[in-house]
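Tertiary structure, described
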Amino acid sequence: MKALYFDCFAGASGDMVLGSMLDSGLELGLLESELKKLELSGCSLSAQKVIKKGITGTAFRVGVTAHQHARNYNDIIKLINSSGLDPGVKENACAVFSLIGHAEAAVHGTDINSVHFHEVGAVDSIIDICGAAIAMKEAGSPAVYCSAINTGSGTVKTAHGILPVPAPATARLLEGMTIYSSGTQAELTTPTGAAILKHYCAKCSSMPRMEVEASGYGAGSMDFEFPNMLRVFRGEIKAAR
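We now turn to the structure provided with this report. (Residues numbered from 1 in each chain as written. Predicted model: local features only at pLDDT ≥ 70, side-chain atom pairs only at ≥ 80, totals over all residues. Heavy atoms only, no water.)

Approximately 190 Å³ is the volume attributed to the second largest pocket. Residue lining of the second largest pocket: Glu32, Leu35, Lys36, Leu38, Glu39, Leu40, Cys43, Ser44, Leu45 and Ile127, and that is the complete set. Among the secondary structure elements, those contributing two or more residues to the lining of the second largest pocket are α2 (28–35) and β2 (43–52). Broken down by element, the lining of the second largest pocket gets its largest block of residues, three residues, from β2. (1 Å grid on protein atoms, 1.4 Å probe; cavity = no way out; pocket = protein on both sides within 12 Å on 5 of 7 lines; lining within 4 Å. Points joined across faces, edges and corners; volume = space filled by probe spheres on them. Helix = DSSP H or I, 4+ residues; strand = E, 2+ residues; numbered from the N terminus.)

Set out below in structure tokens:
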């Protein structure tokens, strides 16, 4: 059985998930080709090798080249379902957005269909979430595991104002997961990163007994006293003999 293990010592974000998958074997050309099926305009993709505290990883970034408007939940689901993406990719991407939508609705005391996705609905998060679904399919739809998740601490500036870290929607998404803070004054785990891990992992665990075939690092945008990276191990869990 194919398996992935995400080591979240520096938290997780959507671009860190994709960076780690690219760094461990996902082809950028394939990812770009699949994401074009969304027919999103005003954006560009890049993946560059970077070094954080002496460790080489991949920084995946979405560049916004034109104004992007806020979208509500139904807008995003319609965009995904009307695309040419694989049905399984659509299903997983919509499920991740459903998690975020319900978390945002609960936090703000509103209906999911009334939630406007500011940061989360931006084109970069649509790409991150759909890209993660594409990456999982290309990895062979593996069993996915993750470590305890470093959330960071302090505050973060959002469209709703200055909020505590983890942001309320992130905290809601992380219910049932194992989290901690190393004391770093920054948002290490974003709503998008939390939702992706929640959907594919459901809960945190130690690394399973697996034969590792590859590993990779997805780089975050900030720099700290530790490597701001999400590490992934790709491998296979052999049946017990």
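Next, the rest of the story.
On to the packing of helix α5 (residues 123–138) against helix α7 (residues 191–201), then. Contact geometry for α5 and α7: axes closest at 10 Å, N-to-C directions at 30°. With respect to α7, the element α5 is oriented roughly parallel. As α5 packs across α7, the resulting crossing turns out to be right-handed. Here Ser125, Asp128, Ile129, Ala132, Ala133 and Met136 of α5 lie close against α7, whose contacting residues are Thr192, Ile196 and Tyr200. Looking at the contact of α5 with α7 residue by residue, the classes come out as six nonpolar, two polar and one charged. (Axes fitted to C-alpha atoms, helices over the stretch in contact; angles between N-to-C directions. Parallel < 35°, antiparallel > 145°, perpendicular 65-115°, else oblique. Left-handed = near helix turned anticlockwise from the far one by under 90°. Contact = heavy atoms within 4.5 Å. Nonpolar A, V, L, I, M, F, W, Y, C, P; charged D, E, K, R; others polar.)

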